[in-house]
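These are the residues of each chain, in order.
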Amino acid sequence: MQTETSVLVTGGAGFIGANFLLRMVPKHPDTRFVCLDRLTYAGNAMNLRAIEDAANFHFVQGDICDTALLGGLFEEHGFTSVVHFAAESHVDRSIEAPLAFARSNVEGTVALLEAARQAWPEDAAGAGDRYRFVHISTDEVFGSLGDSGQFDEATPYDPRSPYSASKAAADHFARAYFHTYGLPVVLTNGSNNYGPFQFPEKLVPLVISNALDGRAIPVYGTGENVRDWLYVKDHCAALEAVLRRAPPGETYLVGGDSEARNIDLVERLCDLVDAVEDRPEGYSRDLITFVEDRPGHDHRYAIDFSKLEAELDWQPEHDLTDGLRATVDWYLRHPDWLEAVRDDSYRDYYARQYSEA
Ligand code: NAD
Ligand code: DAU
């Protein structure tokens, strides 16, 4: 990345975006990072406390669908890169309230692409490394695997939940902006992230938090669905490499090389919490409760990330054993964070989404 560049990071108060900013802001003091986040239930400004006073960091609360706000921000800050995390990200919520996903994930992405197109020169893709639009997407756009095989960059799209459909639509728009307008877009499709600052509706922090509180731990269906688990700090390292070195128009899959059945992952987390809390063996496993399956529940995701490895020299540095240990350790050391994000302010979320849509 060049010095004196200015990067717009959307959704930077959420889980992955916050981890990305906490890595990048101290590491690149000559680059200005502006975080634009609407602060939905999933975004929390306190995630960014460690960098809030940094001279090269600025926070703006706002919506990526607000085209006037976007135009003003591009004009004021002269962004040369965009790293686009902002999205509704939880599959179960997308099943309950899909419109909010169409709005933020599809309309919001198009608004952002359009703002970059208006602000950047027509030959932006040909302007060396000066301009980049990194669009962060998910492996869920590829659908569901059987018991073997892996997704790679050539796998056809087959989204099966409203969340993955909205991300797929956004990906298509991002590629269309590259092909039609020459916008220097790069895409990433990552697998299941876990680590610090993840809202406790997602499986890993939900299990840790319920085990800590002695509450039932819900496992959907038989617990045999398989996910590939990517430690969030490894994902952020991959995104930094993509931002700095990926050629416009390229796509990279990012995986953790750590497949696990849900039930096995849940049991490992239970045992880790019990070990740290000095509880009798099997205490938290007894909280596991098999519940009704998620509708359209994808069976398995697995990632071939050899392109990222070969072209940008990236590999995950954390295996599941040390990643889960570090994650459990973080949540146990931050009970105040868990308490703050679980307060009642997000419970009327669906009501707000319906009235806005
Ligand atoms: P998250 O839900 O934790 O955070 C999303 C952030 O976006 C929040 O801070 C929220 O306030 C903000 N936001 C939502 N709608 C907005 C809007 N209209 N305008 C401005 N800000 C808005 O999500 P995450 O897990 O950090 O995921 C970040 C991105 O990475 C998403 O695009 C997601 O699809 C993608 N992704 C996530 C994973 C994963 O396992 N979590 C894996 C691969 C890709
Ligand atoms: O694959 C990448 C995707 O991973 C991201 O794009 C999404 O933003 C992110 O939310 C995640 O999606 P999943 O649906 O895979 O994650 P979640 O943590 O919701 O669920 C993981 C698995 O655990 C999944 O098979 C469903 C199951 N599950 C989940 C919850 C919340 C349970 O069994 N019980 C639960 O309570």
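Because the structure is predicted, anything quoted here is derived from the model rather than measured.

Draft legend 1. View of unusual backbone geometry. One non-glycine residue, Leu39, adopts positive backbone phi at about 55 degrees. Its location among the elements puts Leu39 in the loop between strand S2 (32-37) and strand S3 (57-61). Note on Leu39: relative accessible area 25%, which makes it partly exposed. A positive phi angle is found at Phe197, which is not glycine, with a value near 70 degrees. The class for Phe197 is buried, based on a relative accessible area of 14%.

Draft legend 2. Looking closely at the pairing of strand S5 (residues 132-138). Burial analysis of S5 places seven of its seven residues in the buried class, the great majority of the element. Of the two faces of S5, the one lined by Arg132, Val134, Ile136 and Thr138 and the one lined by Phe133, His135 and Ser137 are each fully buried. The pairing of S5 with strand S6 (residues 185-190) spans six bridges and is classified as parallel. Each residue of the ladder has a partner; that of His135, found in S6, is Leu187. Taken together, S5, helix H5 (residues 162-181) and S6 constitute a β-α-β crossover, and its handedness is right-handed.

Draft legend 3. Up close: the sheet that holds S2. Strand order in this open sheet of seven strands is S3-S2-S1-S4-S5-S6-S10, and the pairing throughout is parallel. Edge positions in the sheet fall to S3 and strand S10 (251-254), since each of these pairs with one other strand and no more. Each strand of the sheet is rotated relative to its neighbour by a mean of 20 degrees, with strand direction disregarded. Of the pairings in the sheet, the one linking strand S1 (residues 6-10) to S2 comprises five bridges and is parallel in character. For Val9, the partnering residue across the bridge sits in S2 and is Cys35. Each of S1, S2, S3 and strand S4 (81-84) touches helix H1 (residues 15-27); the most contacted strand, S2, lies at about 160 degrees to it. Contacting S1, S4, S5 and S6, helix H4 (residues 98-119) runs over the sheet at an angle of about 165 degrees to S5.

Draft legend 4. Structural context of the packing of H4 against H5. The N-to-C vectors of H4 and H5 enclose an angle of 15 degrees; their axes lie 8 Å apart at closest approach. On the basis of their axis angle, the class for H4 and H5 is roughly parallel. Crossing geometry of H4 relative to H5 is assigned as right-handed. Of H5, the residues touching H4 (which contributes Pro98, Phe101, Asn105, Val106, Thr109, Val110, Leu113, Glu114 and Arg117) are Pro162, Tyr163, Ser166, Lys167, Ala169, Ala170, Phe173, Ala174, Tyr177 and Tyr181.

Draft legend 5. Main features of the site of ligand 2. Taken together, 23 residues lie near ligand 2, and Thr138, Asp139, Tyr163, Arg294 and His297 sit nearest. Separating an oxygen atom of ligand 2 from a side-chain N or O atom of Thr138 is a distance of 2.7 Å. One of the side-chain nitrogen or oxygen atoms of Arg227 is found 2.9 Å away from an oxygen atom of ligand 2. A total of 680 Å² of accessible area belongs to ligand 2 in isolation, and the protein chains cover 94% of it.

Draft legend 6. Molecular detail of the layout of surface pockets. Taken as a whole, the second largest pocket holds about 260 Å³ of empty space. Lining of the second largest pocket is provided by 13 residues; of these, Met46, Phe197, Trp330, His334 and Trp337 occupy positions nearest its centre. For the lining of the second largest pocket, the elements supplying multiple residues, two or more each, are H1 and helix H11 (335-341). By residue class, the composition of the lining of the second largest pocket is seven nonpolar, three polar and three charged. Inspection of the lining of the second largest pocket shows a minimum of three residues originating in each of domain 1 (5-194 + 228-254) and domain 2 (203-226 + 259-297 + 320-351).

Draft legend 7. Inspection of helix H10 (residues 320-333) at higher detail. Between the first and last C-alpha of H10 there are 20 Å, a value that for 14 residues agrees with the 20 Å anticipated at 1.5 Å per step. Taken together, the buried positions of H10 are occupied by Leu320, Gly323, Leu324, Thr327, Val328, Trp330, Tyr331 and Leu332. Its buried side turned inward, H10 meets strand S7 (192-194), helix H6 (203-213), strand S9 (226-231), strand S11 (259-261), helix H8 (262-277) and H11. Its side-chain oxygen at 3.2 Å from the backbone nitrogen of Thr321, Asp319 defines the N-terminal cap of H10.

Draft legend 8. Structural context of the nonpolar core. Grouped together as the largest cluster of nonpolar side chains are 44 residues, with contacts concentrated most on Phe20, Leu21 and Val83. Among the secondary structure elements, those contributing two or more residues to this core are S1, H1, S2, S5, helix H7 (232-245), S10 and helix H9 (306-312). In this structure, Phe20 is in contact with Val9, Val83, Phe85, Cys236, Leu239, Glu240 and Leu243, ignoring residues within four places of it in sequence. Membership of the second largest hydrophobic core comes to 30 residues, among which are Val207, Val219, Leu324 and Leu338.

Draft legend 9. A look at the site of ligand 1. If you check the shell around ligand 1, you find 28 residues, and the closest are Ile16, Asp37, Ser89, Tyr163 and Lys167. At 3.0 Å, a backbone N or O of Phe15 approaches an oxygen atom of ligand 1. Measuring from an oxygen atom of ligand 1, one finds a backbone N or O atom of Thr40 at 3.0 Å. For ligand 1, whose free accessible area comes to 840 Å², the fraction covered by protein is 96%. Mapped by element, the contributors of at least two residues to the shell around ligand 1 are H1, S5, H5 and S7. In terms of residue count, S5 provides more of the shell around ligand 1 than any other element does, three residues in total. Looking at the shell around ligand 1, its residues break down into 11 nonpolar, 13 polar and four charged.

Procedures and definitions
- Position numbers for residues start from 1 in each chain and track the written sequence from start to end.
- The lettering of chains begins at A and the numbering of ligands begins at 1, in the order of writing.
- Predicted model: local features are reported for residues with pLDDT of at least 70 only, side-chain atom pairs are reported and counted for 80 or more only, and whole-chain, interface and lining totals are derived from all residues.
- Side-chain metrics rest on all non-hydrogen atoms present in the structure, leaving aside hydrogens and water.
- Strands here mean DSSP runs of E at least two residues long; helices mean DSSP runs of H or I at least four residues long; both are numbered from the N terminus.
- Only protein chains enter the accessibility calculation, which uses a 1.4 Å probe. A residue is then buried if its area is under 20% of the maximum for its type, exposed if over 50%, and partly exposed in between.
- At least two bridges found by DSSP between two strands are what make those strands a pair.
- Convention used here: a crossover is right-handed provided that the path from the first strand, over the helix, to the second strand proceeds clockwise when the strands point away from the viewer.
- Working convention: axes come from line fits to C-alpha atoms, limited for helices to the stretch in contact. Angles between N-to-C directions cover 0 to 180 degrees.
- Here, two residues are considered to be in contact whenever any of their heavy atoms come within 4.5 Å of each other.
- Should an angle fall under 35 degrees it is called roughly parallel, over 145 degrees roughly antiparallel, and 65 to 115 degrees roughly perpendicular, with every other angle called oblique.
- By convention, the crossing between two helices is left-handed when the near helix turns anticlockwise from the far helix through less than a right angle, and right-handed when the turn is clockwise.
- Only a single heavy atom is needed: when it lies within 4 Å of a molecule or strand, its residue is near that molecule or strand.
- N or O atoms within 3.5 Å of each other form a polar contact, as long as, within protein, one can give a hydrogen and the other can take it, and as long as residues adjacent in sequence are counted only when both atoms are side-chain atoms.
- Surface accessibility in these figures is a Shrake-Rupley result with a 1.4 Å probe; residues are shielded only by whichever protein chains are displayed.
- Lining residues are defined by having an atom within 4 Å of a point belonging to a cavity or pocket. Those points lie on a 1 Å grid over the protein atoms alone, cavities being sets where a 1.4 Å probe fits but cannot get out and pockets being open sets with protein on both sides within 12 Å along at least five of seven lines.
- Grid points are joined across faces, edges and corners, and a volume is the space filled by probe spheres set on the points.
- Side-chain classes are defined by residue name, with Ala, Val, Leu, Ile, Met, Phe, Trp, Tyr, Cys and Pro counting as nonpolar, Asp, Glu, Lys and Arg as charged, and the others, Gly among them, as polar.
- These domain limits were set by an automatic method or by a database of domain assignments.
- For a helix, the expected span equals 1.5 Å multiplied by the residue count minus one.
- By nonpolar core is meant a set of buried Ala, Val, Leu, Ile, Met, Phe, Trp, Tyr and Cys residues that side-chain atoms within 4.5 Å join together.

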